[in-house]
Amino acid sequence: MLVLVTYDVSVVTVGGQRRLRNIAKTCLDHGMRVQNSVFECEVDPAQFVQLKAKLLDIFNPEEDSLRFYFLGKRGRM
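Residues numbered from 1 in each chain as written. Predicted model: local features only at pLDDT ≥ 70, side-chain atom pairs only at ≥ 80, totals over all residues. Heavy atoms only, no water.

Caption draft 1: Main features of the pairing of strand β3 (residues 38-42). Where burial is concerned, most of β3 is hidden: four out of the five residues are buried. When strand β1 (residues 2-8) meets β3, the two strands line up antiparallel, connected through five bridges. The partner of Val-5 across the bridge, within β3, is Phe-39. As paired elements, strand β2 (residues 31-35) and β3 share four bridges and run antiparallel to each other. Within the sheet, the bridge partner assigned to Arg-33 lies in β3 and is Phe-39. The turn linking β2 back onto β3 is made up of two residues. (Buried < 20%, exposed > 50% of the residue type's maximum accessible area, 1.4 Å probe, protein only. Helix = DSSP H or I, 4+ residues; strand = E, 2+ residues; numbered from the N terminus. Pairing = 2+ DSSP bridges.)

Structure, rendered in structure tokens:
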């Protein structure tokens, strides 16, 4: 399945800058960057569960935004 991962991380603090780098690295391990904070990830359901768990472990829900959009198998045009 094709999943679009988008995020917005507060980089006011050093911790925010670190979270931004770690989220980007994790997304790069599973897909390709299409914009600064947008990745297309071609994953199966088990891989998505792992990706989501890693990203949720990194981001701070009080300061950051993280979204997953499912585009299905034929999401690219």
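Caption draft 2: Looking closely at the pattern of salt bridges. For the structure on display, the rule yields two salt bridges. Among the salt bridges present, the one from Glu-63 reaches Arg-19, with a minimum N-O distance of 3.1 Å. Note that Glu-63 is positioned in the loop between α2 (45-58) and β4 (65-72) and Arg-19 in helix α1 (residues 14-30), a separation of 44 residues in sequence. For Asp-64, the salt bridge goes to Arg-19, with nearest N and O atoms at 2.7 Å. In this pair, Asp-64 is assigned in the loop between α2 and β4 and Arg-19 in helix α1, connecting sequence segments 45 residues apart. Both residues of the pair, Asp-64 and Arg-19, belong to the buried class. Because the salt bridges share partners, they merge into one network encompassing Arg-19, Glu-63 and Asp-64. (Salt bridge = Lys/Arg side-chain N within 4 Å of Asp/Glu carboxyl O.)

Caption draft 3: Spatial organisation of the packing of aromatic side chains. One pass over the full model with this rule turns up three aromatic pairs. Ring geometry for Tyr-7 versus Phe-39: centroids 6.2 Å apart, planes at 20°, classification stacked. Remark: Phe-39 occurs in strand β3 and Tyr-7 occurs in strand β1; sequence separation between them is 32 residues. Note on Phe-39: relative accessible area 0%, which makes it buried. A ring pair is formed by Phe-48 and Phe-70, whose centres lie 5.0 Å apart and whose planes are at 70°; its orientation type is edge-to-face. Pair noted here: Phe-48 is in helix α2 and Phe-70 is in strand β4, with a separation of 22 residues, a long-range link. A residue is classified by how much of its surface remains accessible, and Phe-48, at 9% relative accessible area, is buried. Among the aromatic residues, those joined into a cluster by ring pairs are Phe-48, Phe-68 and Phe-70. (Phe/Tyr/Trp six-rings, centres within 6.5 Å; stacked < 30°, edge-to-face > 60°.)

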